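What follows is the residue order along each chain.
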Amino acid sequence: MALPSGRITYTERGSGSPVVFVHGLLVNANLWREVLPAIAEAGFRRIAPDRPLGAHEVPMPADADLMPSGVAALIAEFLETLDLTDVTGTGGALTQILMANRPERLGRVALAPCDAFEAFLPKPFSSLWSRPPPSRAVTSQRDSVGVRTPPGTRPPPSRWRGVARGEAADRG
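Each chain carries its own residue numbering, running from 1 in the written order of its sequence. pLDDT decides what is reported in this predicted model: residues at 70 or higher carry local features, side-chain atom pairs at 80 or more are listed and counted, and totals for whole chains, interfaces and linings draw on all residues regardless. By convention in this description, side-chain values take in all heavy atoms of the structure and omit both hydrogens and water.

J.: Just to check I follow, could you spell out empty space enclosed by the protein for this structure?
T.: Empty space left among the atoms is revealed by rolling a probe the size of a water molecule over them. Method remark: on a 1 Å grid restricted to protein atoms, a set of points is classed as a cavity if a 1.4 Å probe fits but cannot get out and as a pocket if it is open with protein on both sides within 12 Å along at least five of seven lines; lining residues have an atom within 4 Å of a point. Grid points are joined across faces, edges and corners, and a volume is the space filled by probe spheres set on the points. Here the structure, examined in full by the defined rule, presents 2 cavities of 30 Å³ or more. Its boundaries defined by the atoms lining it, the largest cavity holds a volume of some 40 Å³. For helices the rule is a DSSP run of H or I covering at least 4 residues; for strands it is a run of E covering at least 2, with both sets numbered from the N terminus onward. Going through the elements one at a time, helix H2 (68-81), strand S6 (87-91) and helix H3 (93-101) are the ones with two or more residues in the lining of the largest cavity. With 3 residues, S6 is the largest single contributor of residues to the lining of the largest cavity. The nonpolar class holds Ala, Val, Leu, Ile, Met, Phe, Trp, Tyr, Cys and Pro. Asp, Glu, Lys and Arg form the charged class, and all remaining residues, Gly among them, are polar. Here the residues of the lining of the largest cavity are counted per class, giving 7 nonpolar, 3 polar and no charged. By volume, the second largest cavity amounts to about 30 Å³. Lining the second largest cavity, in full, are Ile-8, Pro-49, Arg-51, Leu-74, Ile-75 and Phe-78. Broken down by element, the residue count for the lining of the second largest cavity peaks at 3 residues, all from H2.

Structure (structure tokens):
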């Protein structure tokens, strides 16, 4: 699929409400291979893109933004291109950045254990990044309800703030 930021591939199966599976660093959508059939059989449209920074087989343009916020923007482009709305997003750090910067197509999220905030990227992989991770002195900020926001991102919209405290999200 051609996106403004580059080409990606994806698999799709089923019909119904869309569930988009976002993989992490150094893997591809095969990460989700054990759960994808059951999600489709349960009546959901499951979609699993292969993005950069994993086992992505399609090269990205040389000028592609492969920083976390750029890859999250690529996921937003993917959702827009497929015209997906009220999406259940899965994943970790990149899904959190998507929630903070481009939440308009998300209806809910299921966050997986991930590297985030001070631990993004984990030390064994930090040398692979094109710029050093942020210093621990300026790693995140907390808004008035205690939601941590990584540097360079906007705080989550108010409709998501209850989710951080374990409350149901107001999607209105």
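The discussion continues.
J.: Would you mind showing me how to read the side chain of Arg-105 here?
T.: In this structure, Arg-105 sits in the loop between H3 and strand S7 (106-111). For the purposes of these results, a polar contact is taken to be a pair of N or O atoms within 3.5 Å, where, inside protein, one atom must be able to donate a hydrogen and its partner to accept one; residues adjacent in sequence count only when each atom of the pair is a side-chain atom. Reaching out from Arg-105, the side chain makes a polar contact with the backbone oxygen of Leu-84 at a distance of 2.8 Å. Look past the residues within four positions of Arg-105 in its chain and what remains in contact with it is Leu-79, Glu-80, Asp-83, Leu-84, Thr-85, Asp-86 and Val-87. Here, residues are in contact when the closest pair of their heavy atoms is within 4.5 Å.

J.: Would you take a moment to explain the pattern of salt bridges for this structure?
T.: Any two side chains of opposite charge can pair, on the condition that their charged atoms come close. When a carboxyl oxygen of Asp or Glu is within 4 Å of a side-chain nitrogen of Lys or Arg, the pair counts as a salt bridge. Counting across every chain of the model gives 6 salt bridges. A salt bridge links Arg-102 to Glu-104; its shortest N-O distance comes to 3.3 Å. Judged by relative accessible area, which is 27%, Arg-102 ranks as partly exposed. Each of Glu-80, Arg-102 and Glu-104 takes part in salt bridges that share partners, so that together they form one network. Categorising residues by exposure relies on relative accessible area from a 1.4 Å probe, with only protein chains included: less than 20% of the type maximum marks a residue as buried, more than 50% marks it as exposed, and the intermediate range marks it as partly exposed.

J.: So what exactly am I meant to see when it comes to the sheet that holds strand S3 (residues 9-13) here?
T.: Whenever strands of a sheet pair, they do so through backbone hydrogen bonds, lying parallel or antiparallel. Taken together, the 5 strands give an open sheet; going across it, the order is S3-S5-S4-S6-S7, and neighbouring strands pair in mixed fashion. Among the strands making up the open sheet, the edge pair consists of S3 and S7. Direction aside, neighbouring strands of the sheet carry axes that sit 20° apart on average. Should DSSP find at least two bridges between two strands, the strands are taken to pair. As defined by bridge partners, S6 adjoins S7 across 5 bridges and the pair is classed as parallel. Within S7, the residue paired with Thr-90 across the bridge is Ala-110. The strands touched by H3 are S6 and S7; relative to S7, the strand with the most contacts, the crossing angle is about 155°. Fitting a line to C-alpha atoms yields each axis, with helices limited to the stretch in contact; the angle taken between N-to-C directions then spans 0 to 180 degrees.

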